[in-house]
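One letter stands for each residue in the lines below.
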Amino acid sequence: MSTLNFAIIGTGGITLQNHLPGLALCKDVKVTALCDANPAALEAARQQTGVAITSTKWEDIIARDDVHAVIIATPNVFHPPIAITAARSGKHVLSEKPLALNAADARAMAAEADRANVRHMTAFTYRFVPAMRYLHHLIRRGDAGRIYHYRSCRLQDWGTRSVGWRMQKKMAGTGEIGDMLSHRIDFARHLVSEFKRLVSSLVNHTPLRDGQPNDTDDWVGLLAEFQCGATGVMESSKLASGVNESWRSPDRVEINGSEASFSFTTGCWNELQMGKLGGPGMKALPIPREFYVLPGSPRDPGVGDPLVSFRYDQAVEFVNAIREQRPCCVTLHDGARAQAVIDAAVTSAQTRGWVELGGSV
Ligand SMILES: NC(=O)c1ccc[n+]([C@@H]2O[C@H](COP(=O)([O-])OP(=O)(O)OC[C@H]3O[C@@H](n4cnc5c(N)ncnc54)[C@H](O)[C@@H]3O)[C@@H](O)[C@H]2O)c1
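Quick caveat, the model's predicted, so the values are computed rather than measured. (Residues numbered from 1 in each chain as written. Predicted model: local features only at pLDDT ≥ 70, side-chain atom pairs only at ≥ 80, totals over all residues.)

Caption draft 1: Structural context of the site of the ligand. For the ligand, the set of nearby residues contains 23 residues, the closest of which are G10, G12, G13, N38 and E96. The class makeup of the residues in the shell around the ligand is ten nonpolar, nine polar and four charged. (Near = placed C-beta within 6 Å. Nonpolar A, V, L, I, M, F, W, Y, C, P; charged D, E, K, R; others polar.)

Caption draft 2: Focus on the sheet that holds strand β8 (residues 195-203). The strand order across the open sheet formed by nine strands is β16-β15-β14-β13-β7-β12-β11-β8-β17, and the pairing between neighbours is mixed. Two strands in the sheet have a free side with no partner beyond their single neighbour: β16 (283-286) and β17 (355-356). With five bridges connecting them, strand β13 (residues 251-257) and strand β14 (residues 260-265) associate as antiparallel partners. Across the sheet, the residue bridging to N256 is S261, located in β14. Contacting β13, β14 and β15 (271-276), helix α6 (residues 130-141) runs over the sheet at an angle of about 165 degrees to β14. Packing of helix α8 (residues 176-191) onto the sheet brings it into contact with β7 (147-155), β8, β11 (219-226), β12 (231-237) and β13, and relative to β12 it is tilted by some 155 degrees. (Pairing = 2+ DSSP bridges. Helix = DSSP H or I, 4+ residues; strand = E, 2+ residues; numbered from the N terminus. Contact = placed C-beta atoms within 7 Å. Axes fitted to C-alpha atoms, helices over the stretch in contact; angles between N-to-C directions.)

Caption draft 3: Quick look at unusual backbone geometry. The omega torsion of the bond from K97 to P98 falls at -20 degrees, within 30 degrees of zero and hence cis. With respect to the element layout, P98 can be found in the loop between β5 (92-95) and α5 (103-116). Notably, D28 is not glycine yet its phi reads approximately 55 degrees, a positive angle. The residue D28 is located in the loop between α1 (13-25) and β2 (29-35) in this model. Residue D28 is classed as exposed on the basis of its 10 C-beta neighbours within 10 Å. In this model, R352 sits at a positive phi of 60 degrees, which is unusual for a non-glycine residue. R352 gets classed as exposed once you count the C-beta atoms within 10 Å, which come to 9. (Buried ≥ 20, exposed ≤ 12 C-beta atoms within 10 Å, placed from the backbone.)

Caption draft 4: Representation of the packing of helix α4 (residues 79-88) against α5. Close contact between α4 and α5 brings their axes to 8 Å; oriented N to C, the two are set at 10 degrees. Our classification of the angle between α4 and α5 gives roughly parallel. Where α4 approaches α5, its residues P80, A83, I84, A87 and R88 are matched on the opposing element by D105, A108, M109, E112, A113 and A116. For the contact of α4 with α5, a count of residues per class yields eight nonpolar, no polar and three charged. (Parallel < 35°, antiparallel > 145°, perpendicular 65-115°, else oblique.)

Caption draft 5: Broad picture of the packing of α8 against helix α11 (residues 332-351). The contact between α8 and α11 brings their axes to 9 Å, and the two run at 115 degrees. For α8 against α11, the interelement crossing comes out right-handed. Across the interface between the two elements, I177, G178, S182, I185, D186 and R189 from α8 touch D334, R337, A338, V341, I342 and A345 from α11. Broken down by class, the residue content of the contact of α8 with α11 amounts to six nonpolar, two polar and four charged. (Left-handed = near helix turned anticlockwise from the far one by under 90°.)

Caption draft 6: Summary view of α6. The end-to-end C-alpha distance of α6, which contains twelve residues, comes to 17 Å, matching closely the 16 Å that a straight helix rising 1.5 Å per residue would cover. Of the residues making up α6, those classed as buried are P130, A131, M132, R133, Y134 and L135. Where α6 is buried, its residues contact α8, β14 and β15. Taken from the residues just after α6, G142 is the one with a positive phi, measuring 100 degrees. (Expected span 1.5 Å × (residues − 1).)

In structure tokens, the structure reads:
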């Protein structure tokens with residue numbers, strides 16, 4: 001099998017935590033080039049990985065003939081130009097979420113990748129949580145019956161500390177909704193159906209973080225109707241004091257259907273809660289072992305912290321899709337549809353009214 005050469009653009013937090021260890025699991029894959037606009041971050045990544053080809057300019061890396069695939073892990077504003085240029089150069093593209101600052105740019109990324117006939121993927125990493133994959137399987141099998149309600153709640157305690165580029169609208173597009181709720185918007189589309197209409201509120205409680213201006217939302221509440229007739233309630237906050245953060249803090253998804261209810265918490269990667277219609281209440285439903293890793297993944301679920309290592313299956317899926325010349329399980333179109341929901345929520349918060357998603361999703 002010929003070696004697939006990867007370039008990674010943006011060598012910050014998510015590249016070190018997720019993309020590099022994920023690619024390291026994949027057979028006949030080599031990270032051959034790294035790019036970061038910050039020379040210090042680039043040098044630290046070079047020393048950590050031993051990757052010889054580095055540049056502070058993504059254009060130089062993408063132009064290389066020996067790069068076959070690109071992972072984009074920069075601040076959000078740079079995802080579209082990098083993805084579009086990479087696709088036009090014939091490189092397969094995995095872009096971090098949220099894909100862009102608006103749905104038009106996100107759709108352009110997906111359209112260009114289709115036109116270039118390259119594999120493309122949005123990094124909706126939580127699709128690879130074993131409990132999420134099992135929940136999707138049960139819902140498709142009909143165990144929930146007709147879905148009435150979808151509910152997600154993501155609470156973290158980030159206080160008023162600076163969150164860098166994430167608090168600048170011109171770099172991030174939005175705050176909490178793009179950063180955190182985008183994943184839960186994707187769960188909703190994956191588990192329930194496309195959004196039909198929504199009403200939303202986005203609030204900035206912290207115009208200053210560590211004394212620096214913050215013009216993005218740090219709380220979002222969203223009420224939705226889905227095309228299948230189900231209804232949804234979603235909330236996400238950076239300001240839930242005392243609840244901790246990342247996977248140590250509340251991250252709950254609930255489904256109520258005509259036959260059963262299911263709930264899932266990211267912190268319990270190998271367990272769902274389930275209750276049957278008319279039954280005594282919710283109880284633990286263990287995840288079968290065959291759901292512990294993505295089919296085809298070489299990952300040993302007993303190695304490492306399972307709350308981190310499920311994320312490595314994302315790189316495996318991207319590589320396998322390239323090898324098998326098939327669409328990735330979550331494409332740039334999925335990222336663009338989630339972006340359309342984000343745009344609708346921003347419009348709703350500004351106009352204080354319901355917004356129809358119509359043909360835009
Ligand atoms: N999928 C997930 O679960 C997940 C988790 C965390 C972050 N993310 C996403 O990943 C992306 C990066 O987030 P992060 O937490 O790693 O941020 P980060 O700030 O830690 O890293 C971003 C890096 O990009 C570099 N950079 C900035 N502009 C650049 C440019 N023009 N060219 C090349 N490099 C540039 C910065 O110097 C920095 O090193 C964001 O889109 C974020 O939303 C996704």
